[in-house]
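Spelled out, the chains give:
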Amino acid sequence: MFLDPTTYDAQAFGNAAQMISAKSGQTIIKHFNFEVPAAGSDAKAEILEERDHFAGLADDLKAYADALGAAAQKNPGEMTSDMRMKPGKPMGGGPFGTDVSAERLGLIPAEHSFHLMLQTCKVCHARFREKHQ
């Protein structure tokens, strides 16, 4: 959708953001509250050992999804230029230790929130998911 803004569908975008929001934050934290990963799970035991780190990523994921849902509500028609990142404009934020408050995320383009959400998924999977050859 960000590669081809003509494919933007506010309702589908908002629904996807709402689904991610509903499955992140406390939902995913509680889901991975185990003593030993379940048979067949790719989850690593480090989730328990690094509970605060995992919980922080889960909460960040929810914040990004909520920001994307808000952007969909704010832009019910076509994708606006406000939703797009601008070349050369520093953005900040992300899973590497900065502010992901709703207020802050409301000030950055949805495209940037989307990229930050993807980075959060990547960081969490790299740290807490078994890799298979």
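From a predicted model like this one, the values you see are computed outputs, not experimental measurements. (Residues numbered from 1 in each chain as written. Predicted model: local features only at pLDDT ≥ 70, side-chain atom pairs only at ≥ 80, totals over all residues. Heavy atoms only, no water.)

**Student:** So what exactly am I meant to see when it comes to the overall build of the chain here?
**Tutor:** Scanning the chain from terminus to terminus reveals six helices and zero strands. Counted from the first residue to the last, the chain has its helices and strands arranged as α-α-α-α-α-α. Each of the 133 residues in the chain was classed as buried or not, and the buried ones make up 36%. Long-range pairs, those at least 24 residues apart, make up 74% of the contacts in the chain with a sequence separation of at least 6. (Helix = DSSP H or I, 4+ residues; strand = E, 2+ residues; numbered from the N terminus. Buried < 20%, exposed > 50% of the residue type's maximum accessible area, 1.4 Å probe, protein only. Contact = heavy atoms within 4.5 Å.)

**Student:** How should the packing of aromatic side chains be read in this particular structure?
**Tutor:** Aromatic ring pairs: the centre-centre distance and the angle between the two ring planes describe each pair. Under the defined criterion, the tally for this structure stands at five aromatic pairs. Within the aromatic cluster, the residues linked to one another by ring pairs are Phe-2, Tyr-8, Phe-13 and Phe-114. We note Arg-127 situated over the ring of Phe-128; from NZ or CZ to the ring centre the distance is 5.8 Å. (Phe/Tyr/Trp six-rings, centres within 6.5 Å; stacked < 30°, edge-to-face > 60°. Lys NZ or Arg CZ within 6 Å of the ring centre and 35° of its normal.)

**Student:** Quick question: what am I supposed to make of the packing of helix H4 (residues 51-74) against helix H6 (residues 110-128) here?
**Tutor:** Two packed helices can be described by the angle between their axes and the distance between those axes. Contact geometry of H4 with H6 gives a least axis separation of 9 Å together with a crossing angle of 155°. Considered as vectors, H4 and H6 are oriented roughly antiparallel to each other. The interaxial crossing formed by H4 with H6 has left-handed handedness. Across the interface between the two elements, His-53, Phe-54, Leu-57, Asp-60, Leu-61, Tyr-64, Ala-65, Ala-67, Leu-68 and Ala-71 of H4 pack against Ala-110, Ser-113, Phe-114, Leu-116, Met-117, Thr-120, Cys-121, Val-123, Cys-124 and Phe-128 of H6. For the contact of H4 with H6, the per-class residue count stands at 16 nonpolar, three polar and one charged. (Axes fitted to C-alpha atoms, helices over the stretch in contact; angles between N-to-C directions. Parallel < 35°, antiparallel > 145°, perpendicular 65-115°, else oblique. Left-handed = near helix turned anticlockwise from the far one by under 90°. Nonpolar A, V, L, I, M, F, W, Y, C, P; charged D, E, K, R; others polar.)

What is shown is where atoms sit, not what they do.
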